[in-house]
Amino acid sequence: MADALDAMATGRILSIIPGNTSGRTVKVNLVVAPNWYVFFKPRHRVHLFTRPQGEVGAFRLNRLLGMNHVPPAVVRTLDGSVIHSAFKRRGTPERLEQLQREVLSPATDDLTGALLLWVQGARNFEPSPALLGRMGDAGARLSPAEEVLIWDLSWMVILDHLTNNYDRHTGGNILRAKSGRLVFIDNGAAFGPDRDWKAARRKDLLRLLARHHPAFTAALRRLSPRVMAACAGDVLSARDLDEVLSRRDELVEHLAALERKCPTDCRIPRELEAP
Ligand SMILES: Nc1ncnc2c1ncn2[C@@H]1O[C@H](COP(=O)(O)OP(=O)(O)OP(=O)(O)O)[C@@H](O)[C@H]1O
Ligand SMILES: [Mg+2]
């Protein structure tokens, strides 16, 4: 992982392929020396959910808590004129136009975005309403495969709550790796100023967190202002860091209440390592 982070931060870019996924934003596939497949997500002036700091903050926080569900990410400034040329050669006219209108700046060639390691062989995964129903019902019987999914989805709810990411359930933002474990991509909406509607959505999603596990609570309790600052002080504001800690308290309270009310039957029956 350290090699990938170093390469993404400073490695030479060997090829630039305009992204061909559908969706609202311009993306770019890169190969970074010696041979890393990387996704570049530039900041869009018009879309608040494209903050590279959100991608990096979510990755760092997840690692800090001992989990491994978010692709390694860095913030990097690339040469916009080189990206522009690649889109002129190989992009669709629509994406070229969008790049010019929403991403590139007339004043500078600097183009800042998040670089994320590409997860090879993963597929998009949407939890079915039935699975989410069983997740929110601690009394529901789970198959062994569902136990693993519900571990990962529970951690997803926890991580999104901590990072205040409101953009998880809009489609295309969860991958399932070849191992069967889940990967949480697209964290560009995370952090930033809280809003009543974000708080309401975040609290509503706690209904899915119907099971507790000591590993979750222990990870959350390890967070302190000092470790948070060391982990992400270079990408998140002091206010972002403070707000993570108060949302952590909300989560610990939620999990502690579950544990008091339902110590055995509501415990996730599995012991899993980070994927
Ligand atoms: N690190 C990654 N590894 C593998 N596939 C990825 C990765 N990141 C993104 N993808 C694929 O690219 C798609 C779009 O990525 P992402 O969700 O991050 O962008 P987005 O901001 O939602 O863009 P848009 O709204 O334009 O779709 C994902 O649905 C997924 O299929
Ligand atoms: Mg997305």
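Structure first, text after, so check above.
The sections below set out a description of the structure shown in this document. (Residues numbered from 1 in each chain as written. Chains lettered and ligands numbered in written order. Predicted model: local features only at pLDDT ≥ 70, side-chain atom pairs only at ≥ 80, totals over all residues. Heavy atoms only, no water.)

1. Observations concerning the sheet that holds strand E7 (residues 174-176)
Thinking step 1. Ordered by their spatial adjacency, three strands build an open sheet running E6-E7-E8, and the pairing between neighbours is antiparallel. One side of each edge strand has no neighbouring strand; the edge strands of this open sheet are strand E6 (123-124) and strand E8 (182-184).
Thinking step 2. Here helix H6 (residues 144-163) sits on the sheet and contacts E7 and E8; the angle it forms with E8, its principal contact strand, is near 15°. (Pairing = 2+ DSSP bridges. Helix = DSSP H or I, 4+ residues; strand = E, 2+ residues; numbered from the N terminus. Contact = heavy atoms within 4.5 Å. Axes fitted to C-alpha atoms, helices over the stretch in contact; angles between N-to-C directions.)

2. Structural notes on the coordination of the magnesium ion (ligand 2)
Thinking step 1. Asn173 (OD1) and Asp186 (OD) make up the full set of protein donors to the magnesium ion (ligand 2), lying at 2.1 Å. Separated by 13 residues along the polypeptide, asparagine 173 in the loop between H6 and E7 and aspartate 186 in the loop between E8 and helix H7 (196-205) bring together distant segments of the chain. For the pair formed by asparagine 173 and aspartate 186, the shared burial category is buried. (Donors = N, O, S within 2.8 Å, 3.2 Å for Na, K, Ca; no water. Buried < 20%, exposed > 50% of the residue type's maximum accessible area, 1.4 Å probe, protein only.)

3. Here's the deal with the site of ligand 1
Thinking step 1. Neighbouring ligand 1 are 18 residues, the closest being Arg24, Lys27, Lys41, Asn124 and Asp186.
Thinking step 2. Within the side chain of lysine 27, one N or O atom sits 2.4 Å away from an oxygen atom of ligand 1.
Thinking step 3. Measuring from an oxygen atom of ligand 1, one finds a side-chain N or O atom of asparagine 173 at 3.0 Å.
Thinking step 4. Protein burial of ligand 1: of its 610 Å² of free accessible surface, 90% is covered by the chains.
Thinking step 5. Classifying every residue of the shell around ligand 1 gives seven nonpolar, seven polar and four charged.
Thinking step 6. Looking at which domains feed residues into the shell around ligand 1, each of domain 1 (2-117) and domain 2 (123-261) gives three or more. (Near = heavy atom within 4 Å. Polar contact = N/O pair within 3.5 Å; in protein donor to acceptor, adjacent residues only side chain to side chain. Areas by Shrake-Rupley, 256 points an atom, 1.4 Å probe, with all protein chains shown as cover. Nonpolar A, V, L, I, M, F, W, Y, C, P; charged D, E, K, R; others polar. Domains from an automatic or database assignment.)

4. Quick notes on the sheet that holds strand E3 (residues 36-42)
Thinking step 1. Spatial strand order, E1-E2-E3-E5-E4: five strands in an open sheet with antiparallel pairing. Two strands lie at the open edges of the sheet, namely strand E1 (13-18) and strand E4 (73-79), each paired on one side alone. Adjacent strand axes in the sheet meet at a mean angle of 35°, parallel and antiparallel pairs treated alike.
Thinking step 2. Relative to E3, strand E2 (residues 28-32) is paired through five bridges, and the arrangement is antiparallel. Looking across to E3, one finds that asparagine 29 is bridged to phenylalanine 39.
Thinking step 3. Strands E2, E3, E4 and strand E5 (110-117) of the sheet are contacted by helix H1 (residues 2-10), whose axis makes an angle of about 25° with E4.
Thinking step 4. Helix H2 (residues 52-64) contacts E3, E4 and E5 of the sheet and is inclined by roughly 150° relative to E4.

5. Some words on unusual backbone geometry
Thinking step 1. In the segment running from alanine 33 into proline 34, the intervening peptide bond is cis, with an omega of 0°.
Thinking step 2. You can see proline 34 is positioned in the loop between E2 and E3.
Thinking step 3. Not every positive phi belongs to a glycine, and aspartate 186 is a case in point at roughly 65°.
Thinking step 4. The backbone phi angle of phenylalanine 191 is positive, close to 65°, even though this residue is not glycine.

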